[in-house]
Structure formats: C-alpha cells, structure tokens
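So you can see what is in the structure, the chains are spelled out below.
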Amino acid sequence: MYRLYFKRLLDLLLAVCAAVVLLPVFLVVTVLLLFANSGKPFFTQLRPGLNEKIFRILKFKTMNDRLDESGNLLPDAQRLTRVGKFIRKTSIDELPQLINVIKGEMSLIGPRPLQIRYLPWYSAEESLRHQLRPGITGWAQVNGRNVSNWNDRLAADVYYYKNLSLALDTKIFFLTIQSVFSGRDVVVDPDSIMDSFDVERENLKTAELSRLN
C-alpha cells in the first residue's frame, strides 16, 4: 500500500508544504544567482525517471558559463561561484526539484536520477532503481553521499528498492537533515575523486577482456 499509493500522496503533500514554507529562500537564492550567473539562475538536464521515462530535472545553477581561449567551458572547479559553492554544500541547489516532485516526475526520497548516457551500463539488478520515482535524496546519499564508489551507491539503490517502507523513508529523511547540517561527506566536485560511471564500467570491461585474452 505504501509503495503503490501512500508514498506518492505523502510526496505531494510534503512537497507543496515545503514549497510554500521555503518560497522566501527560493526567491532570495534565485536573485543571487541571477547576478552570479549572468541572468541564469536555473540548470536543467534530461534524466531517466520511473520506468526510464525521460524528464527534465530542475536545479539551481551553481556554475557560470565561463569559456577558455578556445571557446570551451572551463573546468567545473573554475566555474563554481562562491554563492554556488555554498548553495551546493548545503544542498539548496536541489530545492527546485520540489517542482519535479509536485509534477510526479520525482519523489522526495528515492534513487538519485543519473545521466541518460549511463543507462546501458547498469546490471539487471542495478536497473531496479528505475522501477521507482527518482528522489531528491536517497539511501545512497545518507550512506556516503558523493564519496561512495559507484558499486556501493548502486547497491544502496537496490537495497532501497527491495526494502522500501515508510520506516525507511522516515529514517532517510532525518539522516538527510543531519548530513546537510553537519556537512558530512559533502564533495563539491565529485568528478575530482570519481570517474564518470560509464567511464568506470568501460575501464572494467576493457580490463576483463584483456584478462580473458
């Protein structure tokens, strides 16, 4: 009952209430980022959601669009603004995803929606993460956040799928609050310590083929 009906109802109720209560924060951050990012306060990107249906995720934009001499974007660390660094560290950048929750594209709690290009690289069990609406926070995020390796993060998503309950969601909710306020395991630039998922899996595949040959 909780998985099929009550979770979505609870998501909608809590997301609407949170959006109303946090509206002043939303407006202040939007104005700050308008100045910091040359009039572009929001970042959107296509991500796979429930049953791999593609939707457009909404976040606050924490990096500017500065280019190098060749016209290419500078590395993430050089484009991250001071305002953006604070917003990302405190997870305020995820606040606009309340709109995704209200629209039914996301849940407050669930596996984080990763990039579309990763879809071919999941194992059959790891693909179970797409049997649920993706979440603003999840079991993987409160068990290492951005510092866990990919195998551990995806294993945590599978665990969540198999053990989804109101009790587990409540635990994740309070652990998320604790993690955000403590700043524990927050990495502003996770790509600096982790390869992209597809790169990691391609390297493993190449290593396995080399071993067999």
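Residues numbered from 1 in each chain as written. Predicted model: local features only at pLDDT ≥ 70, side-chain atom pairs only at ≥ 80, totals over all residues. Heavy atoms only, no water.

## What about the overall build of the protein chain?
Per the secondary structure count, the protein chain includes 8 helices and 4 strands. Along the protein chain, from the amino end to the carboxyl end, the secondary structure elements read α-α-β-β-α-α-α-β-β-α-α-α. Residue burial in the protein chain is summarised as follows: out of 213 residues, 40% are buried. Taking the intrachain contacts of the protein chain between residues at least 6 apart in sequence as the baseline, contacts between residues at least 24 apart amount to 70%. Here the protein chain has roughly 12100 Å² of accessible surface; of this, 61% comes from carbon and sulfur atoms. (Helix = DSSP H or I, 4+ residues; strand = E, 2+ residues; numbered from the N terminus. Buried < 20%, exposed > 50% of the residue type's maximum accessible area, 1.4 Å probe, protein only. Contact = heavy atoms within 4.5 Å. Areas by Shrake-Rupley, 256 points an atom, 1.4 Å probe, with all protein chains shown as cover.)

## Describing the confidence of the model for the protein chain
With 89% of its residues at a pLDDT of 70 or more, the protein chain shows a mean pLDDT of 87. Every residue in residues 187–193 scores below 50 in pLDDT, and together they form 12 contacts with partners more than four places removed in sequence or on other chains. (pLDDT = per-residue confidence, 0-100.)

## Here's the deal with empty space enclosed by the protein
Counting across every chain of the model gives 1 cavity of 30 Å³ or more. In this structure, the largest cavity spans a volume of roughly 50 Å³. Along the walls of the largest cavity sit Arg-112, Leu-114, Arg-129, Ala-140, Gln-141, Trp-150, Arg-153, Leu-154 and Asp-157, which together make up its complete lining. Of the residues belonging to the lining of the largest cavity, the class tally is 4 nonpolar, 1 polar and 4 charged. (1 Å grid on protein atoms, 1.4 Å probe; cavity = no way out; pocket = protein on both sides within 12 Å on 5 of 7 lines; lining within 4 Å. Points joined across faces, edges and corners; volume = space filled by probe spheres on them. Nonpolar A, V, L, I, M, F, W, Y, C, P; charged D, E, K, R; others polar.)

## Things to note about the nonpolar core
Formed by 25 residues in total, the largest nonpolar core has its most connected members in Phe-60, Leu-108, Trp-139, Tyr-160 and Ile-172. Breaking this core down by element, the ones donating at least two residues are α1 (2–21), α2 (23–36), β2 (54–60), α5 (97–102), β3 (107–109), α6 (150–163) and α7 (166–182). Discounting chain neighbours no more than four positions away, the residues touching Leu-108 are Asp-11, Leu-14, Ala-15, Leu-98, Val-101, Gly-135, Ile-136 and Thr-137. The next biggest cluster of nonpolar side chains, apart from the first, holds 6 residues, and it includes Tyr-118, Tyr-122, Trp-150 and Phe-197. (Core = buried A, V, L, I, M, F, W, Y, C linked by side-chain atoms within 4.5 Å.)

## Here we look at the layout of surface pockets
Computed from the structure, the second largest pocket encloses a volume of approximately 200 Å³. Taken together, 13 residues line the second largest pocket, and the ones lying closest to its centre are Arg-3, Lys-7, Gln-131, Leu-132 and Arg-133. Those elements giving two or more residues to the lining of the second largest pocket turn out to be α1 and β3. At 5 residues, α1 tops the list of elements feeding residues into the lining of the second largest pocket.

## Topic: the pattern of salt bridges
Inspection of the entire model under this criterion finds 10 salt bridges. Across the pair Glu-126 and Arg-201 runs a salt bridge whose closest N-O atoms are separated by 2.9 Å. With a gap of 75 residues between them, Glu-126 in the loop between β3 and β4 (135–137) and Arg-201 in helix α8 (residues 197–212) connect regions that are remote in the sequence. Judged on exposure class, the residue Glu-126 and its partner Arg-201 are both buried. When salt bridges that share partners are traced, they join Lys-59, Asp-93, Glu-94 and Arg-112 into one network. (Salt bridge = Lys/Arg side-chain N within 4 Å of Asp/Glu carboxyl O.)

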